[in-house]
Amino acid sequence: MTEAGPERPRLAHCGAIALGTPRLETSVGFFRDILGMEEVERVGDTVYLRGYQEMKHHSLVLFQNETATVDSYSFRVQRPQDVELFYNELVAQDVEVVELPSGHQSGRGTAIRFLVPHAGHAFELYYDIEAPKAPEEIRSKLLSNSSRRRGLGVRRLDHYNIQANLENVGKAEEWLRENMGFKRREFVYMPEADDMLIASWNSATSQVHDLAIAMSMTGEDAQLHHVAFNIENHSDLLVAADTLRDLDVKFHCGPGKHGIGQAMYLYLEEPGSGHRIELYSGSYHIFDPDWEALGWTPTNPDGMTWFGQELDVTQDGSMASSTDSVSSVTSLLGQAAAVGQA
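The structure displayed is predicted, hence computed values, not measured ones.

Draft legend 1. Up close: the packing of aromatic side chains. Within this structure, the stated rule accounts for 12 aromatic pairs. Each ring, one from Tyr 73 and one from Tyr 160, has its centre 5.3 Å from the other, and the planes form 70 degrees; the classification is edge-to-face. One end of the pair, Tyr 73, is in strand β5 (residues 69-77); the other, Tyr 160, is in strand β9 (residues 156-164), with 87 residues separating them in the sequence. A residue is classified by how much of its surface remains accessible, and Tyr 160, at 0% relative accessible area, is buried. An aromatic cluster is defined as three or more aromatic residues linked by ring pairs; in this entry it consists of Tyr 73, Phe 75, Phe 114, Phe 123, Tyr 160, Trp 175 and Phe 182. The residue whose ring lies beneath Arg 76 is Tyr 127, and the NZ or CZ to ring-centre distance is 4.4 Å.

Draft legend 2. Examining helix α3 (residues 166-180) more closely. With 15 residues, α3 ought to run about 21 Å at 1.5 Å a step, and its terminal C-alpha atoms sit 21 Å apart, in line with that. For α3, the full list of buried residues reads Leu 166, Asn 168, Val 169, Ala 172, Glu 173, Trp 175, Leu 176, Asn 179 and Met 180. Along the long axis of α3, the arc covered by the buried residues comes to 165 degrees, so they all point the same way. Two to three positions downstream of the cap, the backbone nitrogen of Glu 167 sits 2.8 Å from a side-chain oxygen, assigning the N-cap of α3 to Asn 165. Phi turns positive, to about 85 degrees, at Gly 181, one or two residues after α3.

Draft legend 3. Geometry of the sheet that holds strand β17 (residues 294-296). Spatially, 10 strands are ordered β17-β10-β11-β12-β9-β13-β16-β15-β14-β18 in an open sheet, and the strand pairing comes out mixed. Each end of this open sheet is capped by a strand with a single partner; those strands are β17 and β18 (307-308). In terms of strand pairing, strand β14 (residues 251-257) meets β18 through 2 bridges, oriented antiparallel. Bridge pairing links Lys 257 to Phe 307 in β18. Here helix α4 (residues 234-246) sits on the sheet and contacts β14, β15 (263-269) and β16 (276-282); the angle it forms with β15, its principal contact strand, is near 20 degrees.

Draft legend 4. The pairing of β16, seen in detail. The buried fraction of β16 amounts to 6 of the 7 residues, a majority that puts the element mostly inside the structure. Pairing of strand β13 (residues 223-230) with β16 involves 4 bridges; the strand directions are parallel. Along β16, the bridge assignment pairs Phe 229 with Leu 279. Joining the antiparallel neighbours β15 and β16 is a turn of 6 residues, in which Gly 274 adopts a positive phi near 85 degrees.

Draft legend 5. Structural context of the side chain of Asp 158. Position of Asp 158 among the secondary structure elements: in strand β9. Residue Asp 158 is classed as buried on the basis of its relative accessible area, which comes to 3%. Side chain to side chain, Asp 158 and Asn 230 meet in a polar contact 3.0 Å long. Excluding residues within four positions of it along the chain, Asp 158 makes contact with Cys 14, Gln 207, His 209, Asp 210, Ala 228, Phe 229, Asn 230 and Tyr 280.

Draft legend 6. Examining the nonpolar core more closely. Ranked by size, the top nonpolar core spans 72 residues in total, and within it Phe 31, Phe 114 and Tyr 160 carry the most contacts. For this core, the element with the highest residue contribution is α3, accounting for 6 residues. If we ignore the near neighbours within four places in the chain, the residues touching Phe 114 are Leu 90, Val 95, Glu 96, Val 97, His 121, Ala 122, Phe 123, Leu 125, Trp 175 and Met 180.

Draft legend 7. Just unusual backbone geometry, in detail. Between Gly 254 and Pro 255 the backbone carries a cis peptide bond, its omega angle lying at 5 degrees. Positionally, Pro 255 belongs in strand β14. Despite not being glycine, His 118 has its phi angle at roughly 80 degrees, a positive value. Within the secondary structure layout, His 118 lies in the loop between β7 (111-115) and β8 (122-126). Positive phi outside glycine occurs at Asp 248, with the angle close to 65 degrees. Residue Asp 248 is classed as exposed on the basis of its relative accessible area of 65%.

Draft legend 8. Up close: the environment of Tyr 127. For Tyr 127, the location among the structural elements is in the loop between β8 and β9. Assessed through its relative accessible area of 22%, Tyr 127 is described here as partly exposed. In this structure, the C-alpha to C-alpha distance between Tyr 127 and Arg 108, residues 19 residues apart in sequence, is 8.1 Å. Not counting residues up to four positions away in its chain, the partners in contact with Tyr 127 are Arg 76, Val 77, Gln 78, Arg 79, Pro 80, Val 83 and Thr 110.

Draft legend 9. Structural view of the side chain of Arg 155. In this fold, Arg 155 is placed in the loop between β8 and β9. Among buried Asp, Glu, Lys and Arg side chains, Arg 155 stands out as unpaired, with Glu 232 the closest opposite charge at 4.9 Å. The contact partners of Arg 155, leaving out residues within four places of it in the chain, are Gly 51, Tyr 52, Gln 53, Glu 54, Asn 230, Ile 231 and Glu 232.

What counts and what doesn't
Within each chain, residue numbers correspond to sequence positions counted from 1 in written order. Residue-level local features of this predicted model are given only where pLDDT is at least 70; pairs of side-chain atoms are given and counted only at 80 or more, and the full residue set underlies all totals for whole chains, interfaces and linings. Side-chain calculation: all heavy atoms of the structure are included, whereas hydrogens and water are not. Two aromatic rings from Phe, Tyr or Trp, using only the six-membered ring of Trp, form a pair when their centres are within 6.5 Å; if the ring planes differ by under 30 degrees the pair is stacked, by over 60 it is edge-to-face, and anything between is tilted. The way it works is that DSSP assigns letters per residue, a run of H or I at least four long becomes a helix, a run of E at least two long becomes a strand, and they are numbered from the N terminus. Classification of residues uses two cut-offs on accessible area relative to the type maximum, computed with a 1.4 Å probe and protein chains only: under 20% is buried, over 50% is exposed, and between them is partly exposed. Comment: the charge-over-ring label is applied if NZ (Lys) or CZ (Arg) is within 6 Å of the ring centre and within 35 degrees of the ring normal. Each residue after the first adds 1.5 Å to the expected span of a helix. In this context, the arc is that of the directions from the helix axis out to the C-beta atoms. A 3.5 Å cut-off defines polar contacts: any pair of N or O atoms within that distance qualifies, except that in protein one atom must be a possible hydrogen donor and the other a possible acceptor, and neighbouring residues in sequence count only when both atoms are side-chain atoms. Strand pairing requires that DSSP identify at least two bridges connecting the strands. Whether two residues are in contact is decided by their heavy atoms: any pair within 4.5 Å suffices. Only C-alpha atoms enter the line fits that serve as axes; for helices the fit covers just the stretch in contact. Angles between N-to-C directions range over 0 to 180 degrees. Here the nonpolar core consists of buried residues drawn from Ala, Val, Leu, Ile, Met, Phe, Trp, Tyr and Cys, with membership extended through side-chain atoms lying within 4.5 Å. Positive: Lys, Arg. Negative: Asp, Glu. His and the chain ends are not part of the count. Just to be clear on terms, a salt bridge is a Lys or Arg side-chain nitrogen sitting within 4 Å of an Asp or Glu carboxyl oxygen.

Everything listed is a geometric property; what it means functionally is a separate question.
This is the structure we're talking about:
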């Protein structure tokens, strides 16, 4: 199949990520009281939150769990019929897919769930979702805001960055483009290893990416690298860095600016779970229908970091700054060679 056309089912945007946390109240307090998200609803040990410019029920689900985990990555589709159309296409490919009843996530209608072939991440697709009014005491006079800006001012969920085994990155990315309609915008490849794909930034919207997929240095599939939340401008990101540093929130990297995507970033560790969160501001939008994806190589340092603390894309877990880019590239080449010989 090719990219989604007028008659094909289409994705609209990132919907919500569901994260398990061993310290639920710490996680809720971080997103609600510090980042400024609205707690929309609480059902038992599951909490639903949204940013101040999100009209729909939620974009973040936090639930109590013994360990930090990702339950699902959700996407809203363009039309009500697209849920069923995607279901039928997945079944035709022998991809195991299950139907989730209305209310599986509070406020959301019927959805489908499946594992991304080659990568193993759990995706959920839906259309129907409630749009509740914020409580009067936090409601904004701006009709385009669901609530007043609070805390550090998280506006909305921005994107997911997922990881898979190096051997599976290219295959999973190709499947996502051909079957989910994602468009490749920028990518990192290795000319020394038959142009092997290392990372790819893909979008269903005009953004540079709604979903990035990259290699995991641990060799594991179904990994989350980070989930990003959008804040309004670069000044807000610097205020966030100053505020969070004073609260002893652990930084993984930044603040700085990416070359790929051109956004300002701050990677930090959510204190209740250890999940990596990115605060994300800026970037650019793509409106050209004939956009040609931009290719980078690991030897070009400007891709990951245009300025600021250098990112080491080969690091899982700590996102440590790179002090030896040569050894990082050597590691990548070694893994690529091993894959080629397998």
